[in-house]
Amino acid sequence: MTTNADQPRTGTRRRAPAGAAVLREDVTEAIRAAVFEELAAVGYARMSIEGIARRAGVGKTAVYRRWRSKLHLVLDVVSALAVQGLPVPDTGTLEGDLRLLYEVTSRALRHPVASQIIPDLQAEAARNPDIAEAMQKALREGQEGVASKIVRAAEQRGEIGPDFDEDLALDLISGPLYWRSVVIRGPRLPKGYLDALARATAQALKAR
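These numbers were taken from a predicted model, which means no experiment stands behind them.

Cut-offs used in this document
Residues numbered from 1 in each chain as written. Predicted model: local features only at pLDDT ≥ 70, side-chain atom pairs only at ≥ 80, totals over all residues. Heavy atoms only, no water. Salt bridge = Lys/Arg side-chain N within 4 Å of Asp/Glu carboxyl O. Helix = DSSP H or I, 4+ residues; strand = E, 2+ residues; numbered from the N terminus. Buried < 20%, exposed > 50% of the residue type's maximum accessible area, 1.4 Å probe, protein only. Core = buried A, V, L, I, M, F, W, Y, C linked by side-chain atoms within 4.5 Å. Contact = heavy atoms within 4.5 Å. Phe/Tyr/Trp six-rings, centres within 6.5 Å; stacked < 30°, edge-to-face > 60°. Lys NZ or Arg CZ within 6 Å of the ring centre and 35° of its normal.

(A) Expanded view of the pattern of salt bridges. Under the defined criterion, the tally for this structure stands at 14 salt bridges. The residue D76 makes a salt bridge to R32 at a minimum N-O spacing of 3.3 Å. Here the residue D76 occupies a position in helix 4 (residues 70–84), and R32 occupies one in helix 1 (residues 25–46), the gap between them amounting to 44 residues. Its relative accessible area of 24% is what places R32 among the partly exposed residues. With its nearest N and O atoms 3.2 Å apart, the salt bridge here joins R152 to E155. With a gap of three residues between them, R152 and E155 both fall in helix 7 (residues 129–156), about one helical turn apart.

(B) Geometry of the nonpolar core. Core analysis: the biggest nonpolar cluster contains 31 residues, and I31, V35, Y44, V58, V63 and L73 have the highest contact counts within it. Of all the secondary structure elements, the ones that give two or more residues to this core are helix 1, helix 2 (49–56), helix 3 (60–64), helix 4, helix 6 (112–125), helix 7 and helix 8 (166–184). Ignoring sequence-local partners within four residues, the contact set of I31 consists of I52, A56, V58, A62, V63, R66, W67 and L73. I173, L177, L189 and A198 belong to the second-largest nonpolar core, a separate cluster that totals 22 residues.

(C) Region of the structure containing the side chain of T28. Within the fold, T28 resides in helix 1. Taking relative accessible area as the criterion, T28 reaches 9% and is therefore assigned buried. Ignoring sequence-local partners within four residues, the contact set of T28 consists of R66 and W67.

(D) Representation of the packing of aromatic side chains within the structure. Going through the model one piece at a time under the given rule, you end up with zero aromatic pairs. Over the ring of Y44 we find K70, and its NZ or CZ is 4.4 Å from the ring centre. Positioned over the ring face of Y193 is R180, at 4.6 Å from the centre of the ring.

Structure follows, in structure tokens:
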């Protein structure tokens, strides 16, 4: 008789459908959360399936049923960030949209877990093309998708002209905040920084 593949270590065992193991979604989510915590605590190089399983409160087999290695596990978890995406601001002005985008992005980048794992994975990305691709997808595609919608909305409102360089616009929008949050990694942003950044970026885009 086949039993639930993710049956907890204690408690009543339940019968699973014959012919297939049932992968419980709550266990999957616990493992994903444990990956972020383990990355923040020990980094990718020292991270292990054993440590992830222990932190998630499951056996190693529960992890291996879903991912065949720690690399595939990390790639899946990091790539999922791009799928989640960022909310698209709709304040009615270019500067207002930029200010809201910067606020949401800044909070995400300053999160204790994110501030630990992003630099570590960026270092690993220099040595591993698979991680590099996943990082690019997670950190670039989601941000660019929102930024593109912001500039397109500004174009429709007549705030910027139709002949702007979209790649340059995306660099102007995304670059400064990532530089300060990921590279400089200061403990906090200066007072009024996001307001000034949104204002300066909007002016630069309108000047094109």
